[in-house]
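# Structural overview for review
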Amino acid sequence: MKNWSRLQWLTHILCWLPLMVLTAAYFTNNLTINPIQAATQRSGDIAILILLASLTMTPLHILFNLPQLLKLRRPLGLYAFFYAALHMLTYTGWDYQFDFNLIYASIADKPYILIGLAAISLLTPLALTSHRWWQKTLGKIWKRLHQLVYLTAVLAVVHLAMAVKGDFLRLQGDIWKPLAATVVLAVLLIVRIPPLRRALSARHRRRRVVKITPQPTAKANPPGLESLNPQKQTETSNH
Ligand code: HEM
């Protein structure tokens with residue numbers, strides 16, 4: 001913790017902030033006239049926002065050579081899980097008092113809850129195995145497992161599109177959130193297509209080679225070039 005960079009500190013502060021705002025709004029009676037619905041909606045919005053932010057880190061690094069962003073993926077993923085769990089607890093605990101018969105019956109009215117449940121069921125093993133120890137122990141399996149985060153994000157966006165009061169397919173009603181989330185997710189999925197990803201990485205490596213001007217008299221590789229070896233790059237290919 002003491003070695004955190006400013007960016008890491010900022011990320012943690014920004015991720016705790018919505019919870020503090022939500023709690024303050026609740027205790028000062030500012031959580032609208034329907035606090036349960038407001039808390040469910042806000043925690044859901046924050047969960048999906050942080051989830052998409054966590055998926056944006058690798059593409060941003062590939063495009064702009066920002067290796068410090070890679071360290072934010074794990075905390076962002078865990079915060080996304082935290083807010084998704086809070087969102088689920090608000091609905092099941094606060095709204096339905098953990099009455100599972102009622103919750104089960106509510107699914108008939110709100111089928112998007114099933115999609116939400118699928119999303120959080122996938123996110124849970126990812127959060128539980130996010131520690132480095134699991135990464136080392138599981139090796140390639142860990143990488144495969146953590147690629148499920150993309151499926152989780154797709155399910156979360158579908159859940160959001162079905163939950164809002166609007167017709168997403170006819171572009172009518174309250175659809176700006178699912179629309180924005182779909183566009184962001186589509187871009188994130190497109191940049192993962194292997195040829196495109198390779199082209200972006202190569203472009204980024206070429207830019208770095210141009211930046212490091214070699215000394216004409218130097219016989220050996222100028223310092224820094226060894227870091228262009230793709231095997232030595234800090235970039236990893238999960239999310
Ligand atoms: C990764 C998991 C999940 C994410 C990211 C997520 C995200 C969201 C988002 C963004 C919304 C729309 C909020 C808005 O209208 O602005 C929403 C709505 C909702 N979600 Fe989830 N959700 C997840 C899982 C769940 C689960 C497991 C449940 C219930 C067991 C659930 C129950 C609901 C309900 C009831 C609403 C409608 C709230 C309302 O408009 O009254 N969600 N969710």
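Anyway, here's the lowdown on the structure attached to this text.

The rules behind each value
Residues numbered from 1 in each chain as written. Predicted model: local features only at pLDDT ≥ 70, side-chain atom pairs only at ≥ 80, totals over all residues. Heavy atoms only, no water. Helix = DSSP H or I, 4+ residues; strand = E, 2+ residues; numbered from the N terminus. Buried < 20%, exposed > 50% of the residue type's maximum accessible area, 1.4 Å probe, protein only. Contact = heavy atoms within 4.5 Å. Areas by Shrake-Rupley, 256 points an atom, 1.4 Å probe, with all protein chains shown as cover. Salt bridge = Lys/Arg side-chain N within 4 Å of Asp/Glu carboxyl O. Near = heavy atom within 4 Å. Polar contact = N/O pair within 3.5 Å; in protein donor to acceptor, adjacent residues only side chain to side chain. Nonpolar A, V, L, I, M, F, W, Y, C, P; charged D, E, K, R; others polar. Donors = N, O, S within 2.8 Å, 3.2 Å for Na, K, Ca; no water. Tetrahedral: all angles 85-135°; square planar, octahedral: opposite > 155°, others 65-115°. Expected span 1.5 Å × (residues − 1). Bend = angle between axes of the 7 residues up to and from the residue. Phe/Tyr/Trp six-rings, centres within 6.5 Å; stacked < 30°, edge-to-face > 60°.

Looking now at the overall build of the protein. Scanning the protein from terminus to terminus reveals 10 helices and 2 strands. Reading the helices (α) and strands (β) of the protein from amino to carboxyl end gives α-α-α-α-α-α-α-α-β-β-α-α. Burial status across the protein gives 36% buried among its 239 residues. In the protein, once contacts between residues fewer than 6 apart in sequence are set aside, the share between residues at least 24 apart is 64%. For the protein, the computed accessible surface area is about 15200 Å², with 67% contributed by carbon and sulfur atoms.

Another aspect to go through is the pattern of salt bridges. Applying the stated criterion across every chain, the model contains 2 salt bridges. Put simply, D45 and K177 hold a salt bridge, and the shortest N to O gap is 2.8 Å. Pair noted here: D45 is in helix α2 (residues 35–64) and K177 is in helix α9 (residues 176–190), with a separation of 132 residues, a long-range link. The partly exposed category is assigned to D45, whose relative accessible area is 25%.

Below, the discussion takes up the site of the ligand. The environment of the ligand is formed by 22 residues, the closest being Q41, D45, H87, H159 and K177. A distance of 2.8 Å separates an oxygen atom of the ligand from a polar atom in the side chain of D45. Within the side chain of H87, an N or O atom sits 2.7 Å from a nitrogen atom of the ligand. Elements supplying a minimum of two residues to the shell around the ligand: α2, α3 (73–95), α5 (112–128) and α8 (148–163). Split by residue class, the shell around the ligand holds 13 nonpolar, 7 polar and 2 charged.

Right, let's get into the coordination of the iron atom of the ligand. For the iron atom of the ligand, the full set of protein donor atoms is H87 (NE2) and H159 (NE2), and the range of their distances to it is 1.9 to 2.0 Å. Classification of the site at the iron atom of the ligand rests on its 6 donor atoms, whose angles at the metal span 87 to 179°, yielding the label octahedral. Of this pair, H87 sits in helix α3 while H159 is found in helix α8, placing the two residues 72 residues apart along the sequence.

Taking 1.5 Å as the rise per residue, α2 with 30 residues should run 44 Å; its terminal C-alpha atoms sit 41 Å apart, in good agreement. At T56, α2 is deflected by roughly 30°, the largest bend along its length, and proline P59 occurs up to four residues later in sequence. In the segment just after α2, N65 is the residue with positive phi, at about 55°.

Moving on: the packing of aromatic side chains. For the structure shown, the criterion picks out 9 aromatic pairs. A ring pair is formed by W4 and W9, whose centres lie 4.8 Å apart and whose planes are at 70°; its orientation type is edge-to-face. Judged by relative accessible area, W4 falls into the partly exposed class, the value being 25%. Note on F98 and F100: the rings are 6.4 Å apart at their centroids and 35° apart in plane angle, and the pair reads as tilted. What makes F98 partly exposed here is its relative accessible area of 45%. When its relative accessible area of 55% is taken as the criterion, F100 is described as exposed. Grouping aromatic residues by their ring pairs yields a cluster made of W16, Y79, F82 and Y83.

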